[in-house]
Amino acid sequence: MKLDDTLLPILYMLAAIGFILAIKWLNSPATARRGVIVGEIGMLLAVVGTLLRFEVVNYQWILVAFFLGTAVGIPIAYIMPMTAVPQRTAFSHACGALASALIGTAEYYKGLGVGLSKVTMVALIVETLLGFLTFTASMMAFGKLQEVLAQRPITYKGQNFVNLGVFAAAAGVGLALIFSPERSVLFPVFTALSLLFGVLLIIPIGGADMPTVIALLNSYAGLSASAMGFVLNNKLLIVAGALDGSSGFILSIIMCRAMNRSFTNVLFGAFGQLQTSAAGAGEARPVHSATAEDAAQILDSARNVVVIPGYGMAVAQAQHKLREMFDMLTKRGVDVRFAIHPVAGRMPGHMNVLLAEADIPYDKLWEMDDINPEMSNVDVALIIGANDVVNPGAETDPHSPIAGMPIIQAYKARTVMVIKRSMNPGFAGIDNDLYYRENTLMLFGDAKAFLSSVVKELSALVKV
Amino acid sequence: MGNYEFDLWVFMLAAFLGFQLIRGVSPMLHTPLMSLTNAISAITVVGAILLTGEKDASTLSRILGFSAVFLAVLNVVSGYLITDRMLKMFKRREPEKK
């Protein structure tokens, strides 16, 4: 048929161009929404082109699935609160990965691999392996983020050995299938091992490592799609999958760097186990605490303030109160900026989205590397729900579990204020020397409640 | 088929292009980036459609294909919508409203 020979490759190529531009235009918030539109057009061209292919004759199942997918997808997109974005992302990695794994499975059972070349079988095995393991791993990540499962890393003796063993077994059975695809009894075994490996992979991962892991799973889901492109001989799939794969990969590298840790360390070195006990033994050192009234006065008389938010802010849902405070201080001529550590929150860029949702203008959101050189000129550093990312121990104490991790240098500010529920150590269970310093004021309480009293005090401070 | 060699080249070049493009993305937008690439990788819907719409597909193929179309469409729809919803929130404050 003519359509397939001439029009289809052009449609697919246009789709690929749409995807490339979509990512390119994300380089600035000003052009980003245009990017989404070209991405959507690209997807539409690809889907319409595929529906018109002569091999596709049976439409009713496809249309029902389209309808169901849309019916479920739209409410998810609109109802979900922004604090739940990490869970949604993990869930969609799971869906995407399962889709490619199911397609791979179907391709295999179509002819039990007979007539497929070795190369195609390799691609098919890679596609299904990554698909299945990413599916269960993402569901586990989803469970931890949603707090259906314990966020704490779970470790046991010989864990890495077991994990590597299961992976080696899955890969081994996969290899056997590549060489003798007709042994179809191996396929369910291969599937089960891949699924199991995904679960085992996430068990030792704690909440603070989620940004890296989510990015890595993003990468796997993309690579699985790309492998499908090799099986189906479809360049569009290869390109789109490779874009997704490299994106996830780069993000996870950025996350690892922001924690001064390696991939292997994140995946195999469960974190925060030993330190908890060590920190618990620490004697109670004196801290300076202050009330909302004091805090309001200090903020009011400052020239510039840098707010450093962490996951605790998201948990307390304090971002809207924070915006109120931002507005009041700005009106009074105080320059307020927000310093965001790359691993703040539960996924890359999470804090930025929450602050943007609260209507904080994005030109006030600063990256760590840009704000640090200015920290010594800052009057007040206000830390809300962040802990490890401002811990000076990372710079000074070579024995600290977070030694070498780049931090936002809040301690350089003239006054440091920390809103915190109590003196309990943060997620990684590491004590923070910042809290005991001379120029640090601890503001004890729930972030949202405390900020609203600060806002109240600020409005009482109206200059007569 | 000698095709796979060509495919590998495509993959290699696309991966490098991806690295360059992603480096240019503002860290502020890393969350929307992830949901956008997620929607893009739901291009697997192409494979799912081919599988489900085939003339004499087995029941197994149809069921797996149907589920895959559903999952991929779910990702396409929610991925793009959510990315746009997030990007809409990134605003600059208009010049000094007093």
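None of the values given here were measured: they were computed from a predicted structure.

K.L.:
Please set out the overall build of chain B residue by residue, giving values where relevant.
P.N.:
Looking only at helices and strands, chain B features four helices and zero strands. The helix and strand sequence of chain B, counted from the amino end, reads α-α-α-α. Rg of the C-alpha trace for chain B: 19 Å, well past the compact-globule value of 13 Å for 98 residues, more than 25% over. With the C-alpha coordinates aligned to their principal axes, the bounding extent of chain B is approximately 70 × 30 × 15 Å.

K.L.:
An account of the overall build of chain A is needed here, citing residue identities and associated values.
P.N.:
Of regular secondary structure, chain A possesses 18 helices and six strands. Taken over 464 residues, chain A has a buried fraction of 54%. The contacts of chain A with a sequence gap of at least 6 include a subset with a gap of at least 24, amounting to 80%.

K.L.:
I'd like to hear about the domain arrangement of chain A, residue by residue, with values.
P.N.:
Residues and elements named next belong to chain A. Taken domain by domain, chain A consists of domain 1 (1–79), domain 2 (83–268) and domain 3 (284–460). At the interface, 17 residues of domain 2 touch 16 residues of domain 3. Counting only elements with at least two residues in the side of domain 2 that touches domain 3, the list comes to α4 (85–111), α8 (210–232) and α9 (235–258). Split by residue class, the side of domain 2 that touches domain 3 holds 13 nonpolar, four polar and no charged.

K.L.:
Before we move on, could you go through unusual backbone geometry and cite the residues and values that matter?
P.N.:
All names here are of chain A. In this model, Glu-147 sits at a positive phi of 65°, which is unusual for a non-glycine residue. With respect to the element layout, Glu-147 can be found in the loop between α5 (118–145) and α6 (159–179). Classification of Glu-147 by C-beta neighbours within 10 Å gives exposed; the count is 10. Within the chain, Gln-317 stands out as a residue other than glycine whose phi angle is a positive 55°. Looking at where Gln-317 falls in the secondary structure, it is placed in the loop between α13 (311–316) and α14 (319–331).

K.L.:
Go over α5(A), please, and point to the residues and values.
P.N.:
Along an α-helix, residues three or four positions apart point the same way, because every turn accommodates 3.6 residues. Given a rise of 1.5 Å per residue, 28 residues ought to cover 40 Å, and the 40 Å separating the end C-alpha atoms of α5(A) matches this to within 8%. Downstream of α5(A) by one or two residues, Glu147(A) has phi in the positive range, about 65°.

K.L.:
Please give an account of the sheet that holds strand β6 (residues 440–444) of chain A that cites residues and values.
P.N.:
Residue and element names in this part refer to chain A. The six strands are arranged β3-β2-β1-β4-β5-β6 in an open sheet whose pairing can be described as parallel. The sheet is open, and its two edges are formed by β3 (365–367) and β6, each paired on a single side. Direction aside, the axes of adjacent strands within the sheet are offset by 25° on average. Running at roughly 145° to strand β2 (residues 335–340), α14 makes contact with β1 (304–309), β2 and β4 (380–384) of the sheet.

K.L.:
Go over the interface of chain B and chain A, please, and point to the residues and values.
P.N.:
Opposite the 79 residues of chain B that make contact, chain A presents 94 residues. For the side of chain B that touches chain A, the secondary-structure elements that each account for two or more residues are α1 (3–23), α2 (30–41), α3 (45–52) and α4 (59–89) of chain B. Per-element accounting of the side of chain B that touches chain A gives the leading share, 29 residues, to α4(B). Here the residues of the side of chain B that touches chain A sort into 47 nonpolar, 21 polar and eleven charged.

K.L.:
Residue-level account of the nonpolar core, with values.
P.N.:
By size, the foremost hydrophobic cluster in this structure holds 197 residues, and its most contacted members are Ala141(A), Ile308(A), Ile383(A), Ile43(B), Val45(B) and Val69(B). Top element by residues in this core is α5(A). It accounts for 16 residues. Setting aside residues no more than four positions away along its own chain, Val45(B) makes contact with Val47(A), Val69(B), Ala72(B), Val73(B) and Val76(B).

K.L.:
Account for the pairing of β6(A), with residues named and values stated.
P.N.:
Residue and element names in this part refer to chain A. The element β6 is extensively covered by neighbouring structure, given that four of its five residues are classed as buried. Inspection of the sheet shows strand β5 (residues 415–420) paired to β6 by five bridges, in the parallel sense. Each bridged residue has a counterpart across the sheet, and for Val-416 the counterpart in β6 is Thr-440.

K.L.:
Please provide a residue-by-residue account of α1(B), values included.
P.N.:
Residue and element names in this part refer to chain B. An ideal rise of 1.5 Å per residue puts 30 Å on 21 residues; α1 measures up with 31 Å between its terminal C-alpha atoms. Among the residues making up α1, those that are buried are Asp-7, Phe-11, Ala-14, Ala-15, Gly-18, Leu-21 and Ile-22. Along α1, the residues classed as buried sweep out an arc of 130° about the axis, all on the same side. Every exposed residue of α1 that faces more than 90 degrees away from the buried side is listed here: Glu-5, Phe-6, Trp-9, Met-12, Phe-16, Gln-20 and Arg-23.

K.L.:
Tell me what's going on with the environment of Pro181(A), and back it up with residues and numbers.
P.N.:
Looking at the element boundaries, Pro181(A) is found in the loop between α6 and α7 (186–202). Note: C-alpha distance between Pro181(A) and Ser422(A) (241 residues apart in sequence) is 60 Å.

K.L.:
An account of the packing of α14(A) against helix α18 (residues 447–460) of chain A is needed here, citing residue identities and associated values.
P.N.:
All names here are of chain A. Running from N to C, α14 and α18 cross one another at 25°; their axes reach a closest spacing of 9 Å. Judged by the inter-axis angle, α14 sits roughly parallel to α18. By crossing handedness, the relation of α14 to α18 is classed as left-handed. Between α14 and α18, the residues in contact are Lys-321, Leu-322, Glu-324, Met-325 and Met-328 and Lys-448, Leu-451, Ser-452, Val-454, Val-455, Leu-458 and Ser-459, respectively. Its residues assigned to classes, the contact of α14 with α18 shows seven nonpolar, two polar and three charged.

K.L.:
Outline the confidence of the model for chain A, listing residues and values.
P.N.:
Averaged over every residue, the pLDDT of chain A is 87; the share at 70 or more is 93%. Across residues 271–282 of chain A, confidence stays below pLDDT 50; counting only partners more than four residues off in sequence or on other chains, it has 22 contacts.

K.L.:
Now, about the packing of α4(A) against α4(B): what can you tell me, with residues and values included?
P.N.:
Packed helices, taken two at a time, are described by the angle their axes make and the gap between the axes. The contact between α4(A) and α4(B) brings their axes to 9 Å, and the two run at 155°. Classified by the angle their axes make, α4(A) and α4(B) are roughly antiparallel. Where α4(A) crosses over α4(B), the two elements pack in a sense that is left-handed.

K.L.:
How would you sum up the confidence of the model for chain B? Please name residues and give values.
P.N.:
In the predicted model, chain B carries a mean pLDDT of 89, and 93% of its residues have values of at least 70. Both scores are available for the predicted complex, with the pTM at 0.89 and the ipTM at 0.93.

What counts and what doesn't
- Residues numbered from 1 in each chain as written.
- Chains lettered and ligands numbered in written order.
- Predicted model: local features only at pLDDT ≥ 70, side-chain atom pairs only at ≥ 80, totals over all residues.
- Helix = DSSP H or I, 4+ residues; strand = E, 2+ residues; numbered from the N terminus.
- Rg over C-alpha atoms; globule rule 2.2 N^0.38 Å.
- Buried ≥ 20, exposed ≤ 12 C-beta atoms within 10 Å, placed from the backbone.
- Contact = placed C-beta atoms within 7 Å.
- Domains from an automatic or database assignment.
- Nonpolar A, V, L, I, M, F, W, Y, C, P; charged D, E, K, R; others polar.
- Expected span 1.5 Å × (residues − 1).
- Pairing = 2+ DSSP bridges.
- Axes fitted to C-alpha atoms, helices over the stretch in contact; angles between N-to-C directions.
- Core = buried A, V, L, I, M, F, W, Y, C linked by C-beta atoms within 7 Å.
- Arc of directions from axis to C-beta.
- Parallel < 35°, antiparallel > 145°, perpendicular 65-115°, else oblique.
- Left-handed = near helix turned anticlockwise from the far one by under 90°.
- pLDDT = per-residue confidence, 0-100.

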